[in-house]
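# Inside the fold
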Amino acid sequence: MTFFHCATCGAQFTPSDAPPDRCPICDDARQYVPPSGQAWRTLDDLRSAHRNEIRPEGAYDGVGTNPPFAIGERALLVPAGDRFVMWDCLPLVDDEVADEIERRGGLAAIAISHPHYYTGMADWAHRFDCPVFLHADDREWITRPDDAIELWEGETRDLGHGLTLIRCGGHFAGGTVLHDAERRALLSGDIVQVIPDREWVGFMYSYPNLIPLPEASVRAIVRALEPYAFDTIYGAWWGTLIGGDGKAIVERSAERYAGALRGELP
Ligand SMILES: [Zn+2]
Ligand SMILES: [Zn+2]
């Protein structure tokens, strides 16, 4: 039995003798099967070709895969008392980097914005004996069910230490962001997308395939964030940081988006 990862999105599947027939995440309109066809990598392939790296990312430490794999997932280690919440996840557990995280206190939990970051969550949860918080509305996209997964329902989930999971929806029904009250930071995955112009953010149903969201979904994201104060925004990939004024940027970006849908281009 082998763990197979989708080479395009990084999803890991329940172990099997042969690769799965398809990757449901890539068959979906929010991802894609490349023209060269569906491809797979075994966990051993990943271990031999990739390493993890840990390095500072704004106020946090980030963890990524080097050379990048799949969509280039990057996780953030968010202080939670003596340990960390790992925000979002990545395909491979590299012993060296995992040991380093352990030395710094280890993981209290893993929390993930949406299915494009589920990837190696079960292996990370087993390494640190911690739960994985996923929004229940996205349960159909779990490709490797595991006892460590805790599905949460409703609009918010308090993780303690000033950390709150907020369901924003949009890109996925259970699309979640993490609010860090102490650092006045919003960790947004690609639910609120940090774009090249750091004075603005973007909102989409499908990023690679450029399918927009209806105005009501974007308004719902702004409404969900309304009670929370934040200055900085951390997006889904290395270096996608907004350094300040984050709340106003989200609000005016929603207005710009709604205007564009009405034909009022900037
Ligand atoms: Zn895939
Ligand atoms: Zn995504």
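In this report, the structure presented in the accompanying data block is examined. (Residues numbered from 1 in each chain as written. Chains lettered and ligands numbered in written order. Predicted model: local features only at pLDDT ≥ 70, side-chain atom pairs only at ≥ 80, totals over all residues. Heavy atoms only, no water.)

### Re the overall build of the protein
Of the regular secondary structure elements, the protein holds six helices and 17 strands. Computed over C-alpha atoms, the radius of gyration of the protein comes to 18 Å, within 12% of the 18 Å expected from 2.2 N^0.38 for 266 residues, which places it in the range of a compact globule. Summarising its shape, the C-alpha atoms of the protein cover approximately 55 × 45 × 30 Å along the three principal directions. Long-range pairs, those at least 24 residues apart, make up 54% of the contacts in the protein with a sequence separation of at least 6. In the form shown here, the protein has an accessible surface area of approximately 11,200 Å², with 50% of it arising from carbon and sulfur atoms. Separation between the mean location of the 24 positive side-chain charges and that of the 41 negative ones in the protein comes to 3 Å. (Helix = DSSP H or I, 4+ residues; strand = E, 2+ residues; numbered from the N terminus. Rg over C-alpha atoms; globule rule 2.2 N^0.38 Å. Contact = heavy atoms within 4.5 Å. Areas by Shrake-Rupley, 256 points an atom, 1.4 Å probe, with all protein chains shown as cover. Lys, Arg positive; Asp, Glu negative; His and termini not counted. Charge placed at Lys NZ, Arg CZ, Asp CG, Glu CD.)

### Focus on the nonpolar core
With 38 residues, the main nonpolar core has Cys-23, Met-86, Leu-107, Ile-110, Ile-112, Met-121 and Trp-124 as its most contacted residues. Those elements that place two or more of their residues in this core are strand S1 (4-6), helix H1 (24-27), strand S5 (74-80), strand S6 (83-87), helix H3 (95-103), strand S7 (107-111), helix H4 (121-128) and strand S8 (132-135). Per element, the largest residue contribution to this core is four residues, and it comes from H4. (Core = buried A, V, L, I, M, F, W, Y, C linked by side-chain atoms within 4.5 Å. Buried < 20%, exposed > 50% of the residue type's maximum accessible area, 1.4 Å probe, protein only.)

### Points about the side chain of Ser-113
For Ser-113, the location among the structural elements is in the loop between S7 and H4. A distance of 2.9 Å separates polar atoms of two side chains, one belonging to Ser-113 and the other to His-114. (Polar contact = N/O pair within 3.5 Å; in protein donor to acceptor, adjacent residues only side chain to side chain.)

### Side note on the environment of Thr-164
Along the chain, Thr-164 turns up in strand S11 (residues 163-167). What makes Thr-164 buried here is its relative accessible area of 14%. Ignoring anything within four residues of it in the chain, the contact list for Thr-164 reads Thr-156, Arg-157, Val-177, Leu-178, His-179 and Tyr-228.

### Some words on the coordination of the zinc ion (ligand 2)
Taken together, His-114 (NE2), His-116 (ND1), His-171 (NE2) and Asp-190 (OD) make up the protein donors of the zinc ion (ligand 2), found 2.2 to 2.7 Å from the metal. Between the four donor atoms coordinating the zinc ion (ligand 2), the angles at the centre fall across 94 to 150°, so the site counts as irregular. Each donor residue of the zinc ion (ligand 2) belongs to the same chain, and together they define the spacing H-x1-H-x54-H-x18-D. Note that His-114 is positioned in the loop between S7 and H4 and His-171 in the loop between S11 and strand S12 (176-180), a separation of 57 residues in sequence. (Donors = N, O, S within 2.8 Å, 3.2 Å for Na, K, Ca; no water. Tetrahedral: all angles 85-135°; square planar, octahedral: opposite > 155°, others 65-115°.)

### Examining the coordination of the zinc ion (ligand 1)
Within the protein, the atoms that donate to the zinc ion (ligand 1) are Cys-6 (SG), Cys-9 (SG), Cys-23 (SG) and Cys-26 (SG), at distances of 2.3 to 2.4 Å. Coordination geometry of the zinc ion (ligand 1): the four donor atoms subtend angles of 98 to 120° at the metal centre, consistent with an arrangement described as tetrahedral. Read in sequence order, the donor residues coordinating the zinc ion (ligand 1) give the pattern C-x2-C-x13-C-x2-C. Taken together, the residues span a long stretch of sequence, with Cys-9 in the loop between S1 and H1 and Cys-23 in the loop between S1 and H1 at a distance of 14 residues. A relative accessible area of 3% means that Cys-9 is categorised as buried.

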